[in-house]
Amino acid sequence: MLRIENLTKVYPDGTVALVDVSLEVPRGQFVAVIGLSGAGKSTFLRCINRLVEPTSGRIWLGDVEVTGAEPAELRLIRRRVGMIFQQFNLVKRCSVMTNVLSGRLGYLPTLPSLLYRFRPEDIADAKANLERVGLLEKARQRADTLSGGQQQRVGIARALMQKPELILADEPVASLDPATAHVVLDELERMNKQDGMTILCNLHFLSLARRYADRVIGLKAGRLVFDGTPEEIDDARFKEIYGEEAIRVEVA
Amino acid sequence: MSRDKTRSAVIAGVLAVVPGLGHFYCSEWQRGIVLMLGLPAQAAILYGVGLIWLALPLVLVWIWNICDAVCLASGGKCSAALAVLLLLAINLAAAWQVTQVHIPKLEPEQRNVIRQILVGLAKPDVAERRTREQTAVAKYLVPGIGAPSVLTPVKREPGEPVLKVSPVKAQKGDRLTVIGSGFARNAPTKLVLLGADEVVVAETKTDSSGRLNVSFRNPRYIPGVYFVQARVSAPVRGWQLSETLKEAAPRMVETIYLALIGTALSLVVALPLSFLGARNLMSGTPVLRAVYALVRTIFTVLRSVEVLIFAVIAVAAVGIGPFAGVLALAIHGIGALGKLYSEAIESIEHGPIEAIRSTGANEIQVVAYAVVPQVVPQFIAFTLYRWDINVRMATVIGLVGGGGIGYQLIQYMNLLQWRQAATAIWLIAGVVMIMDYASAVIRERIG
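Rules and cut-offs
Residues numbered from 1 in each chain as written. Chains lettered and ligands numbered in written order. Predicted model: local features only at pLDDT ≥ 70, side-chain atom pairs only at ≥ 80, totals over all residues. Helix = DSSP H or I, 4+ residues; strand = E, 2+ residues; numbered from the N terminus. Buried ≥ 20, exposed ≤ 12 C-beta atoms within 10 Å, placed from the backbone. Contact = placed C-beta atoms within 7 Å. Pairing = 2+ DSSP bridges. Axes fitted to C-alpha atoms, helices over the stretch in contact; angles between N-to-C directions. Core = buried A, V, L, I, M, F, W, Y, C linked by C-beta atoms within 7 Å. Nonpolar A, V, L, I, M, F, W, Y, C, P; charged D, E, K, R; others polar. pLDDT = per-residue confidence, 0-100. Right-handed = clockwise from strand over helix to strand, strands pointing away. Expected span 1.5 Å × (residues − 1). Parallel < 35°, antiparallel > 145°, perpendicular 65-115°, else oblique. Left-handed = near helix turned anticlockwise from the far one by under 90°.

Engineer: Whenever I open this one, the overall build of chain A confuses me. Can you help?
Structural biologist: Within chain A one finds 9 helices and 10 strands. For chain A, buried positions account for 45% of its 252 residues. Here the contacts in chain A between residues at least 6 apart in sequence split such that 69% fall between residues at least 24 apart.

Right, here's the structure in full:
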C-alpha cells in the first residue's frame, strides 16, 4: 500500500537527512522505525505526507503518487494519512473537542470550517472517538489542562477523525512515562489489528518495537541499514544500527 | 590584517598631515576613511555654525591622527578613546552654543505666566460652589420727547432685595449710583442694563451685611425708561462641576474615542496584513517571500513616520477636527500594530501548524485552526496597549488641530486662560494614568 523508491532528502543548509531509501509496506503492517536521534526518522515520516518536501525519489500511496501531486491532490492524500507527534501538537488554547474535530478539516468546505461549524455527524464521530480513547468527559476542557498521556490520546482521536488508511507516528511515546507509553501504543495496536490501519511508528526503544511491531526498519545517518522482523535484531545488528558504544536499554 | 614591519614611521607621520592618509599607508582602512572624511566634515560643521574657535581642540584630534599613524607604522595602535572623547567634548560645546542653553532672565510678564500656571496646577478649576441668583431691578429716566416725565415705582414683594438708582434722571455720560440691600453677603455681583442689547455696566461684590453700593456712567442717550438689574450669585449648600470641567470633559471623552476609532481602523487593516508579514507563514515560495518583504517594508515605513507628522498632513488634507486625528493615528497604527501582530505570529509553536496541515486542511484552515487560536491573546494585549498609547498621542495631536482635549488645551493657552489650561492638563494626566494602569492589568490577565 505504501511504496517508496530511492527517497533522498537534503535540507537547504546541506544536511543530508535521507539517502536513497527504498521500502514497500503492505496493508495492515505495524512497522517500527528505529535509529539514533538525527538518523532521519522524523524526516522519513514527514516525506511520506510531504510535510517535508523530498529532494528526489518517488512515493506511492496505493495507486496514487504522492511525490509530484498538486496541492489539491496532496490534501486528498493527506486525508488518508493520520499523523501523531512526539509533542502531541494540540492547539493548547482550544478545547479537546475542537482539537479532535480539526482532524476532519480535510473533508470540510473552507467557509463553514472558518466559523468553527461542524456537521452533526462529525460531532457524533468526534464524541465516539473521544469515547474510544477514554476522554469523552474531558471534551469541553482546554487541551493544555490535560496530562501528556491524555493529550496524546486526543492526538490519536484527531487522527482517527480522518478515517485514515495509514498512520504516521513520530516518536509518539518519547515524551511519556513507560506506563502511559503502553496505553498509547496499545491504542495504536488496536487501530492496527481492529481497524486494519497500516502503521509507521518511530521508536527510540528496541524493546517497544519488539513488543508491538511486525517489522522493524533501522535508519542510520539517513540510510536504511536494517529491514526485518524484531526477532532478527541480535547484538551485531543492534550495534550496526545504534553504533558500537550503544548499550541495550530495556523499557518494560 | 597583515602588518608590514618595513613601513617607515617618518613616511606615515608625514602622510598623516592629510588626515587618514597615514592610516591608508599602514593599511588601516577603516580608521583612515573615518579620519579622512570625518575631520573635514567636523571642521565644516564648526565653520557652518560659526564656532571657529572650537577648531582649536580639533587640532588636537589632528595631532592624535599623526601619532596614531606613526604608532601603526611601528606595529602598535593608539587607543581611539582619546580622539572620541575630544570630539565628544567639541560637539557638546558646539551643541550648547547652538541650542542656546541658558538660565533665562524672566521678564515680569513671563514670571506672571509661570506663576499663573503653577497656581492653576495647584488649584485646578474642577468644582465651584453651587449658587443661586438673586436679582433686583431699579429704573431711571433719560428725559426727552417720548419719555414719561415721572417714573412709577418698581413693584416688589416683601422680603425681596431692594435696589435704587440716584439720580433718577440722567443724560448720556452722567454718573449714576446704585444702592441696594437685602442681598447675600460678600457675593459677586453683576450690574446689568436690561434691554435687547443687554450690557454689563459694573461688577462688584456685596458687603458683609448684604448691601450694594456701586456707580456707573449712563451709556444711553435715547429718551425713555431704563431698567438696571443687580445679579448677585448667592452661594448655597453644595458644589457643582466647574464650567471649565463641563467644557473640557467632553473634549477628553472625544480624545479617548478618537484614540479608540484610530486603533480600531488600524486593527482592521493591520490584522489581515500581519499574516502576510509573518515569515513563518510566508516562506513557501519566492512570491510569498516577496509579499512578506513588501508588507514588512510598508509596516516599517508607516511606523517610522511620527504620528504628529501624519497629523499635520491630515489637518491640511481634511481640515481641523477629530477626523484628522483619527486618520493620523490609524495610519501610524497600521505600521505599529502590524509589526507587533506579525511578530506574534512568528513566535507561535510550529507543531500545531504541522498537525493541522497533515489532516489535509488547506492553508486558510491551517491559519484559522493552528495560528489564530495561538495569537489571539497577544493580539488583544497589543491592541489594548496601542489604544493606551493612542490616547496619549491623541492629546498631542490635538495641539496641531487634531481635535479633542489637546485642541481645547491650546485654545485655553492662546486665550491666556492659565487656570483652565492647568485643569485640562490635570484631566489628561488623570485619564492617561488610569488607562495606563487598566491596560497593564488587563494585559497581565490575558497573558
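Back to the write-up after that little detour.
Engineer: Hey, could you run me through the overall build of chain B in this one?
Structural biologist: Along the backbone of chain B there are 14 helices and 7 strands. Burial statistics for chain B: of 447 residues in total, 33% are counted as buried. Taking contacts inside chain B between residues at least 6 apart in sequence as the whole, the part at least 24 apart equals 69%.

Engineer: I tried to follow the sheet that holds strand 2 (residues 162–166) of chain B on my own but got confused; where do I start?
Structural biologist: Residues and elements named next belong to chain B. Strands sit in the order 2-3-6 across an open sheet of 3 strands; the sheet is antiparallel. Edge strands, defined here as strands with exactly one partner in the open sheet, are strand 2 and strand 6 (212–217). Sheet twist, expressed as the mean angle between neighbouring strand axes with direction ignored, is 20°. Strand direction decides the pairing type here: strand 2 and strand 3 (residues 175–181), joined by 5 bridges, are antiparallel. The partner of Val162 across the bridge, within strand 3, is Ser181.

Engineer: Help me understand the pairing of strand 10 (residues 223–228) of chain A, please; the structure alone is not making it clear to me.
Structural biologist: Look at any regular strand and the pattern is simple: side chains alternate between the two faces of the sheet. Residues and elements named next belong to chain A. Where strand 9 (residues 215–220) and strand 10 come together, 5 bridges link them in antiparallel fashion. Among the inter-strand pairings, Val216 is bridged to a residue of strand 10, identified as Gly228. Connecting strand 9 to the antiparallel partner strand 10 that follows it, the hairpin turn spans 2 residues, and Ala221 within it adopts a positive phi of roughly 50°.

Engineer: What's the story with the sheet that holds strand 3 (residues 30–34) of chain A in this structure? I'm lost.
Structural biologist: Across a sheet, strands are paired by hydrogen bonds formed along the backbone, either parallel or antiparallel in direction. Residue and element names in this part refer to chain A. Read from one edge to the other, the open sheet built from 6 strands follows the order 6-7-8-3-9-10, with strand pairing classed as mixed. What marks the edges here is a single partner per strand, and that holds for strand 6 (81–84) and strand 10. Across the sheet, the axes of successive neighbouring strands diverge by a mean angle of 20°, strand direction being ignored. One ladder, built from 5 bridges, connects strand 3 with strand 8 (residues 198–203); its direction is parallel. Its bridge partner being in strand 8, Phe30 is matched across the sheet by Ile199.

Engineer: So what exactly am I meant to see when it comes to the nonpolar core here?
Structural biologist: Buried together is how nonpolar side chains tend to be arranged in soluble globular proteins. In this structure, Ile167(A), Ile199(A) and Ala328(B) are the most contacted members of the largest nonpolar core, which totals 122 residues. Setting aside residues up to four positions removed in sequence, Ile199(A) forms contacts with Phe30(A), Val31(A), Ile167(A), Ala169(A), Leu188(A), Met191(A) and Asn192(A). With 15 residues, the next largest nonpolar core counts Leu163(B), Phe183(B), Ala187(B) and Ala230(B) among its residues.

Engineer: Would you take a moment to explain the interface of chain B and chain A for this structure?
Structural biologist: A common way to report how large an interface is uses the accessible area buried once the components associate. Contacts between the two partners involve 18 residues from chain B and, on the opposite side, 22 residues from chain A. Among the elements of the structure, helix 11 (351–358) and helix 12 (363–399) of chain B are those that each provide at least two residues to the side of chain B that touches chain A. Partitioned by chemical class, the residues of the side of chain B that touches chain A number 9 nonpolar, 7 polar and 2 charged.

Engineer: Would you mind showing me how to read the confidence of the model for chain B here?
Structural biologist: A low pLDDT means the predicted coordinates there should not be read in detail. Taken residue by residue, chain B gives an average pLDDT of 88. The fraction at 70 or more is 99%. Confidence estimates for the predicted assembly give a pTM of 0.69 and an ipTM of 0.92.

Engineer: Honestly, the environment of Gly155(A) in this entry has me stumped. Any pointers?
Structural biologist: Residues and elements named next belong to chain A. Structurally, Gly155 can be placed in helix 6 (residues 148–161). Among the residues examined, Gly155 registers 28 C-beta atoms within 10 Å and is labelled buried. For the pair formed by Gly155 and Val133, sequence separation is 22 residues and the distance between their alpha carbons is 9.9 Å. Not counting chain neighbours up to four residues away, the residues in contact with Gly155 comprise Ile84, Phe85, Phe88, Asn89 and Leu90.

Engineer: In this structure, what is going on with the pairing of strand 8 of chain A? I would like to understand it.
Structural biologist: All names here are of chain A. Within strand 8, 6 of the 6 residues are buried, which leaves it mostly tucked inside the rest of the structure. Residues Thr198, Leu200 and Asn202 point to one face of strand 8 and Ile199, Cys201 and Leu203 to the other, with burial holding for every one of them. For strand 7 (residues 166–169) and strand 8, the ladder comprises 4 bridges, and the chain directions are parallel. Across the sheet, the residue bridging to Leu166 is Thr198, located in strand 8. Note on the crossover from strand 7 through helix 7 (residues 178–193) to strand 8: the handedness is right-handed.

Engineer: Would you explain helix 14 (residues 418–446) of chain B in this entry?
Structural biologist: Three or four residues apart is the spacing at which side chains of an α-helix point the same way, because the helix has 3.6 residues per turn. Residue and element names in this part refer to chain B. End to end, helix 14 covers 42 Å across 29 residues, agreeing with the expected 42 Å (1.5 Å per residue, within 8%). Trp418, Gln420, Ala421, Ala422, Thr423, Ala424, Leu427 and Ile428 are the residues of helix 14 that are buried. Check the buried side of helix 14 and you find it contacts helix 6 (108–122), helix 7 (243–276), helix 12 and helix 13 (405–414).

Engineer: Looking at this structure, how should I read helix 6 of chain A?
Structural biologist: All names here are of chain A. The terminal C-alpha atoms of helix 6 lie 20 Å apart, and with 14 residues this matches the ideal 20 Å at 1.5 Å per residue to within 8%. The buried fraction of helix 6 is high, at 12 of 14 residues. For helix 6, every residue scored as buried is listed here: Gln150, Gln151, Gln152, Arg153, Val154, Gly155, Ile156, Ala157, Arg158, Ala159, Leu160 and Met161. On the buried face of helix 6, the contacting elements are strand 6, helix 3 (96–101), helix 5 (120–132), strand 7 and helix 7.

Engineer: Would you mind going over the packing of helix 9 (residues 307–318) of chain B against helix 10 (residues 322–346) of chain B with me for this structure?
Structural biologist: Each packed pair of helices is defined by two parameters, the angle between the axes and the distance between the axes. Residue and element names in this part refer to chain B. Running from N to C, helix 9 and helix 10 cross one another at 140°; their axes reach a closest spacing of 8 Å. Comparing their axes, helix 10 and helix 9 come out oblique. As for the relative orientation of helix 9 and helix 10, their crossing is right-handed in sense. Residue-level inspection shows Val307, Phe310, Ala311, Ala314, Val315 and Val318 of helix 9 in contact with helix 10, the latter providing Phe323, Ala324, Gly325, Leu327, Ala328, Leu329, Ile331 and His332. Looking at the contact of helix 9 with helix 10 residue by residue, the classes come out as 12 nonpolar, 2 polar and no charged.

Engineer: Any chance you could explain the environment of Tyr221(B) here in plain terms?
Structural biologist: Residues and elements named next belong to chain B. Tracing the backbone through its elements, the reader meets Tyr221 in the loop between strand 6 and strand 7 (224–241). What makes Tyr221 exposed here is the crowd of 11 C-beta atoms within 10 Å. Measuring from C-alpha to C-alpha, the distance between Tyr221 and Val142 comes to 6.8 Å, with 79 residues separating the pair along the chain. Sequence-distant contacts of Tyr221, defined by excluding residues within four places in its chain, comprise Val142 and Lys172.

Engineer: What should I look at first to understand unusual backbone geometry in this one?
Structural biologist: Note on backbone geometry: most residues besides glycine have negative phi, and most peptide bonds are trans. With an omega dihedral of -5°, the bond running from Ser166(B) to Pro167(B) counts as a cis peptide bond. Its location among the elements puts Pro167(B) in the loop between strand 2 and strand 3. You will see that Asp20(A), though not glycine, has its phi angle at about 50°, which is positive. Among the structural elements, Asp20(A) can be located in strand 2 (residues 16–25). Phi is positive for Phe88(A), close to 65°, though the residue is something other than glycine. Along the polypeptide, Phe88(A) turns up in the loop between strand 6 and helix 3.

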